[in-house]
Amino acid sequence: MRLFGVVVVAMAGALVVSGCSSSGSEAAVPADPVAFSETVTVDAVTGHLEQLEKIAGNNDGNRSAGTPGYDASVDYVANLLEDKGFDVSTPEFDFSSFDPGTESLKATDGSDVPVRALTYSPSTGPTGITARLVVIPADETPGCEATDYDGRDVNGAIVLVTRGVCPFGDKQKIAADRGAAALLVANNEDAMLGGATLGEPEDARIPTGGVSKASGEALAVAPGDLTLILDTSTETTKSRNVIAQTKTGATDNVVVVGAHLDSVPEGPGINDNGSGTAAVLETALQMGSSPSIENAVRFAFWGAEEVGLVGSTRYVEGLSDQERADIALYLNFDMLGSPNAGYLAYDGDNSDAVGEGPGPEGSAGIERTFVDFLADRGIAADGTDFDGRSDYGPFIEIGIPAGGVFSGADERKTPAQAEKWGGEAEETFDPNYHSAQDNLANIDREALAANASAVAFGVATYAQDLSGPNGVPVGDARTQARTE
């Protein structure tokens, strides 16, 4: 029998493990993954969220990369892991910090329109750009394809597109390829487009700003000359990841479990992504540094995710070929307590036929692991696309199977989903996404409880066994899968 913990004792005829919860009180941690999932409680996870919110409150309201709030978040996570016996590293990496500077947009009639520079937007300079507005009509993939521009002269113009489907950097590149001088992206709701990024600084080609849905609609019906000022600047700075691995388990079949630790500058980031951080952290604390497991578990807390998945990307780039080969799978947890919650598992087999296609071989089994776990609790999960917006991206790019659960961000809940899960149809899963209202008061505890338990279950399952119908490739099969 495989055991999680450090002291084996007999209780009521069953073999269990006596360990410590994050609060220091003793807890019985059963070996069964289902029973282990119950040790990661919503109260313990909420306790971590309270501390992260306190850290943000003491540091200008946020925990964004490159700030004292982020450094304090690193210390909080690292200290708890060290107290549990983990050897913890906090490797540094360079990333580009962004200062939006002056942000101004004047409409044809001279009125001011609220606008925010997308992260890494090139600068217009202090005097800005005055140019005619060209509106690209919205469709299912607004501004995501070159054909959206057919029949429209956008050379030297400011282009307006609607948010949706593809990354902002792709929208910007297509507009730049067609000769646009600048790009505006209208949100799909009345809130401002906060915390959006063009990806990497080298991807940024033309000044790009975000406006609310209402502002976009007003601009679209009154085209004319606009004056856009985005006097931005970008400079290189440093951030850190937090990495801790169990001292037991096979090191050539490593289960990597990750969540991003940083928030956006606009708020404390308690759902995005304190919720994923807290669930992964509590799972690590309950498992302990030396559990009796077959496969080593590496817990990772990524920095600078909100400015382009930088921490996870730098980490993967720094792995040797052998270190990459030793990773069996990657589990990603980003936003687990959205207030209008969805119950979503990454679509490893592309059964939804939406977006980017299936994950690497083994991802379908990971999806089934989480879908089945939630189904056993009366929750019918939907799939969610590997759309590249979270830290699984660098892992699936090199053929590592991935999966996880997700409660939704700025996508809208469908009527069918509202019928299944409750909540408001046609409203976003998290109306506080990337805002100051992303706080503990707006966490859905029921969703957080279910998803945090799913985190623990998934980690325990693959820590014990990589085989079976929901397994991932090992040995020669892994080598072959990643070279095809």
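Residues numbered from 1 in each chain as written. Predicted model: local features only at pLDDT ≥ 70, side-chain atom pairs only at ≥ 80, totals over all residues. Heavy atoms only, no water.

Another aspect to go through is the environment of Ser407. Residue placement: Ser407 occurs in the loop between strand 19 (405-406) and helix 11 (415-421). In this structure the C-alpha to C-alpha distance between Ser407 and Tyr330, which are 77 residues apart in sequence, comes to 18 Å. Sequence-distant contacts of Ser407, defined by excluding residues within four places in its chain, comprise Asn271, Met335, Leu336, Gly337, Ser338, Ala341, Gly342, Leu344, Phe429 and Asn451. Engagement of the side chain of Ser407 in a polar contact is seen with the backbone nitrogen of Leu336, the distance being 3.5 Å. (Helix = DSSP H or I, 4+ residues; strand = E, 2+ residues; numbered from the N terminus. Contact = heavy atoms within 4.5 Å. Polar contact = N/O pair within 3.5 Å; in protein donor to acceptor, adjacent residues only side chain to side chain.)

To continue, consider the nonpolar core. Counting residues in each nonpolar core, the largest one holds 88 residues, and the members touching the most others are Leu81 and Phe299. When near neighbours in sequence (up to four residues on either side) are disregarded, Phe299 contacts Phe86, Val242, Ile243, Ala244, Thr246, Val257, Val280, Thr283, Ala284, Met287 and Val459. Counting residues in hydrophobic clusters, the runner-up holds 46 residues, among them Val159, Leu193, Ala196 and Val310. (Core = buried A, V, L, I, M, F, W, Y, C linked by side-chain atoms within 4.5 Å. Buried < 20%, exposed > 50% of the residue type's maximum accessible area, 1.4 Å probe, protein only.)

Glancing now at helix 4 (residues 168-177). Among the 10 residues that make up helix 4, 7 are buried, leaving the element largely enclosed by the rest of the structure. Phe168, Gly169, Lys171, Gln172, Ile174, Ala175 and Ala176 are the residues of helix 4 that are buried. As for helix 4, its buried residues are in contact with strand 8 (158-162), strand 9 (182-186) and strand 10 (208-211). Two residues or fewer after helix 4 comes Gly179, characterised by a positive phi angle close to 95°.

Now for the packing of helix 2 (residues 42-57) against helix 12 (residues 445-464). Two numbers describe how helix 2 lies on helix 12: the axes approach to 9 Å, and their chain directions differ by 110°. It follows from the interaxial angle that helix 2 and helix 12 lie roughly perpendicular. Contact residues: Val42, Asp43, Val45, Thr46 and Leu49 in helix 2; Arg445, Leu448, Ala449 and Ala452 in helix 12. Residues of the contact of helix 2 with helix 12, tallied by class, amount to 6 nonpolar, 1 polar and 2 charged. (Axes fitted to C-alpha atoms, helices over the stretch in contact; angles between N-to-C directions. Parallel < 35°, antiparallel > 145°, perpendicular 65-115°, else oblique. Nonpolar A, V, L, I, M, F, W, Y, C, P; charged D, E, K, R; others polar.)

The next point concerns the sheet that holds strand 10. Read across the sheet, 7 strands follow the order 5-11-7-8-9-10-6 without closing on themselves; strand pairing throughout is mixed. Every other strand in the sheet has two partners, leaving strand 5 (92-106) and strand 6 (116-117) as the edge strands with one partner each. Relative to strand 10, strand 6 is paired through 2 bridges, and the arrangement is antiparallel. Counted as the bridge partner of Ala117 is Gly209 from strand 10. (Pairing = 2+ DSSP bridges.)

On to the pairing of strand 11 (residues 225-240), then. As judged from the 13 bridges shared by strand 5 and strand 11, these two strands associate in the antiparallel manner. Its bridge partner being in strand 11, Leu105 is matched across the sheet by Leu228.

By volume, the second largest pocket amounts to about 420 Å³. Around the second largest pocket, the lining is made up of 23 residues, and of these Phe98, Pro100, Thr119, Pro265 and Glu266 lie nearest the centre. At the level of elements, strand 5 and strand 6 are the ones that each hand at least two residues to the lining of the second largest pocket. Among the elements that line the lining of the second largest pocket, the one with the most residues is strand 5, at 6 residues. (1 Å grid on protein atoms, 1.4 Å probe; cavity = no way out; pocket = protein on both sides within 12 Å on 5 of 7 lines; lining within 4 Å. Points joined across faces, edges and corners; volume = space filled by probe spheres on them.)

To continue, consider empty space enclosed by the protein. By the definition in use, this model includes 1 cavity of 30 Å³ or more. Put simply, the largest cavity is a space of about 30 Å³. Forming the boundary of the largest cavity are Ala328, Glu361, Gly399, Pro401, Pro473, Arg478, Ala481 and Arg482. When residues of the lining of the largest cavity are assigned to their parent elements, the largest contribution, 3 residues, is made by helix 13 (residues 475-483). The residue makeup of the lining of the largest cavity, split by class, is 4 nonpolar, 1 polar and 3 charged.

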